[in-house]
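Per-entry structural report
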Amino acid sequence: MAGRAGLDEHERLAVRAVATVLPFRVNSYVVDELIDWSAAPDDPIYRLTFPQPDMLPERDVARIADLLRADAPRKEINQAANEIRARLNPHPAGQLALNIPKLGAEEPLSGVQHKYPETVLFFPKQGQTCHAYCTYCFRWAQFVGEPDLKMATDDIDALVGYLHRHPEVTSVLLTGGDPMIMGEGVISRYIEPLLKVETLESIRIGTKALAYWPQRFVTDPDADDTLRLFEKVVASGKNLAFMAHFSHPNEMAPPLVQEAVRRIRGTGAVIRTQAPLIRTINDDSATWESMWRTHVRHGMVPYYMFVERDTGPQDYFAVPLARAYEIFRGAYQNVSGLARTVRGPSMSATPGKVCVDGIAEIAGEKVFVLRFIQARNPDLVGRPFFARYDESAVWLFDLEPALGAARFPYEAAPPDDPAALVAGA
């Protein structure tokens, strides 16, 4: 395929090297229906799914390429790949250290994350792969075959028990990987027990299947059964939110995906759309404007523009926050109110989801205006705060407090801070 994109032998070897470290998977639908091969390697869907020769630092690519060229033993190649992966922050935002709940005093509830009081993430064991992989995926560690990096469970009873003990949880998000890689018989075993949890108000399914395999909802053997499952969720009185991941308007072009959207909406499920802002793929306002307008036209709800997370090939794909805000604003100002449900650019960072609301000058200082859309500490939600303007910053932790503040609201005061002593009194 790399040869089909016009890459020379050196570039093809570099692609193999990158694909040895980061996961690569593509299917016939993406290859035949979504990629414009006459425009490759610059076609956005090609860049979305195929590893790029310079996605990783040159020294790392060269190291793996040398091993591949020498036909080194697989064990030696894996060891080198693992050393590189360890430097790529495989689990950002404290996913393993801060988000894993416990059944008792010590026993962790595997395959589950509980970062915000009202929402639990569940990683079904059979759903920890995808129809195709995105090159920028922040969950890349799920797919590289290292058990210590993977989150997954098939114990739905443990989750149900946890929900009964935590009535503050009103929403469960099935995520991955991609839960819609599972057949109807399997996904039903995970979803149906949740319908009996009275305190649960909504079930979300995070998926890229609409973009990468719409057949799942139209022509696959269990497509009709899957839609009947969706109807059952809605009939139970719970909201079914289908969290569709669309990265580029070209993914909506095939009639098959439009039919899949129509059929899912026909069950009563609400389709919300989201994606990160990614350099070389969708880093311009016109792309997002077109995407949001297309989604509204087909009855979907634009939900999030995310900032590329601080993991994997972030250095390659990240867009500076200042430019991200201008891209978001440029698209937002040209769409109707029906598309202005979208929020962003939003960073899913350790303390919570932080949105860049604007760039302003306050008391002579140029600042980012920031706001928590969601937070570990619910008291922070909706409260604006400020960071010094930095045109090169790409992530929350690149920023510094502004307007004389010594720290951000989510940061604890040092023990010897007089203000902390007064507050503690």
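Structure: above.
Below or above, wherever it landed, is the structure these notes cover. Model, not experiment: these values are computed from the prediction. (Residues numbered from 1 in each chain as written. Predicted model: local features only at pLDDT ≥ 70, side-chain atom pairs only at ≥ 80, totals over all residues. Heavy atoms only, no water.)

1. Regarding empty space enclosed by the protein
With the rule as written, the count across this model stands at two cavities of 30 Å³ or more. Reported here for the largest cavity is a volume of approximately 110 Å³. Around the largest cavity, the lining comprises 16 residues; the ones closest to its centre are Leu 22, Pro 23, Met 55, Cys 134 and Thr 135. Here the residues of the lining of the largest cavity are counted per class, giving 13 nonpolar, two polar and one charged. Of the pockets and cavities examined, the second largest cavity occupies roughly 30 Å³. Taken together, Phe 246, Thr 273, Gln 274, Ala 275, Trp 288, Met 291, Trp 292, His 295 and Tyr 304 make up the lining of the second largest cavity. The set of elements that each furnish at least two residues to the lining of the second largest cavity consists of β6 (270–277) and α11 (285–297). (1 Å grid on protein atoms, 1.4 Å probe; cavity = no way out; pocket = protein on both sides within 12 Å on 5 of 7 lines; lining within 4 Å. Points joined across faces, edges and corners; volume = space filled by probe spheres on them. Nonpolar A, V, L, I, M, F, W, Y, C, P; charged D, E, K, R; others polar. Helix = DSSP H or I, 4+ residues; strand = E, 2+ residues; numbered from the N terminus.)

2. Quick word on the packing of aromatic side chains
Scanning all chains against the criterion turns up 20 aromatic pairs. One Lys or Arg, Arg 279, reaches over the ring of Tyr 316 and ends 4.8 Å from the middle of that ring. A cation sits over an aromatic face here: Lys 366 above Tyr 389, 4.1 Å from the ring centre. (Phe/Tyr/Trp six-rings, centres within 6.5 Å; stacked < 30°, edge-to-face > 60°. Lys NZ or Arg CZ within 6 Å of the ring centre and 35° of its normal.)

3. Quick look at the sheet that holds strand β8 (residues 343–349)
By way of backbone hydrogen bonds, the strands of a sheet pair with one another, either parallel or antiparallel. Pairing within the open sheet is mixed, and its 11 strands lie in the order β1-β2-β3-β4-β5-β6-β7-β8-β9-β10-β11. Since the sheet does not close on itself, it has two edges, and those belong to β1 (112–116) and β11 (384–388), each with one partner. This sheet shows a mean twist of 30 degrees between the axes of neighbouring strands, independent of strand direction. Alignment of strand β2 (residues 119–122) against strand β3 (residues 171–174), held across four bridges, turns out to be parallel. Among the inter-strand pairings, Val 120 is bridged to a residue of β3, identified as Val 172. Its contacts with the sheet place helix α6 (residues 156–165) against β1, β2 and β3, and it is angled at close to 175 degrees to β2. Its contacts with the sheet put helix α7 (residues 184–191) on β2, β3 and β4 (202–207), and the angle it makes with β4 is roughly 140 degrees. (Pairing = 2+ DSSP bridges. Axes fitted to C-alpha atoms, helices over the stretch in contact; angles between N-to-C directions. Contact = heavy atoms within 4.5 Å.)

4. Overview of the pattern of salt bridges
Opposite charge on two side chains allows them to pair when their charged atoms are near. Under the criterion given, the structure shown has 15 salt bridges. The partner of Arg 216 in a salt bridge is Asp 222, with the nearest N and O atoms 3.3 Å apart. Relative accessible area serves as the criterion here: at 19%, Asp 222 is assigned to the buried category. A salt bridge links Glu 289 to Arg 293; the shortest N-O distance between them is 2.9 Å. Within this pair, Glu 289 and its partner Arg 293 are both found in helix α11, separated by four residues, close to a single helical turn. (Salt bridge = Lys/Arg side-chain N within 4 Å of Asp/Glu carboxyl O. Buried < 20%, exposed > 50% of the residue type's maximum accessible area, 1.4 Å probe, protein only.)

5. Observations concerning the layout of surface pockets
Taken as a whole, the largest pocket encloses approximately 1,100 Å³ of empty space. The wall of the largest pocket is formed by 47 residues, among which Phe 138, Arg 139, Leu 173, Gln 274 and Phe 306 lie closest to the centre. Looking at the lining of the largest pocket, the elements with two or more residues in it are β1, β2, β4, β5 (239–245), β6, β7 (301–307), β8 and β10 (365–375). The computed volume of the second largest pocket comes to approximately 230 Å³. Taken together, 15 residues make up the lining of the second largest pocket; nearest its centre are Pro 57, Arg 87, Leu 88, Gly 312 and Asp 315. Among the elements that take part in the lining of the second largest pocket, helix α12 (residues 314–317) stands out by supplying three residues, more than any other.

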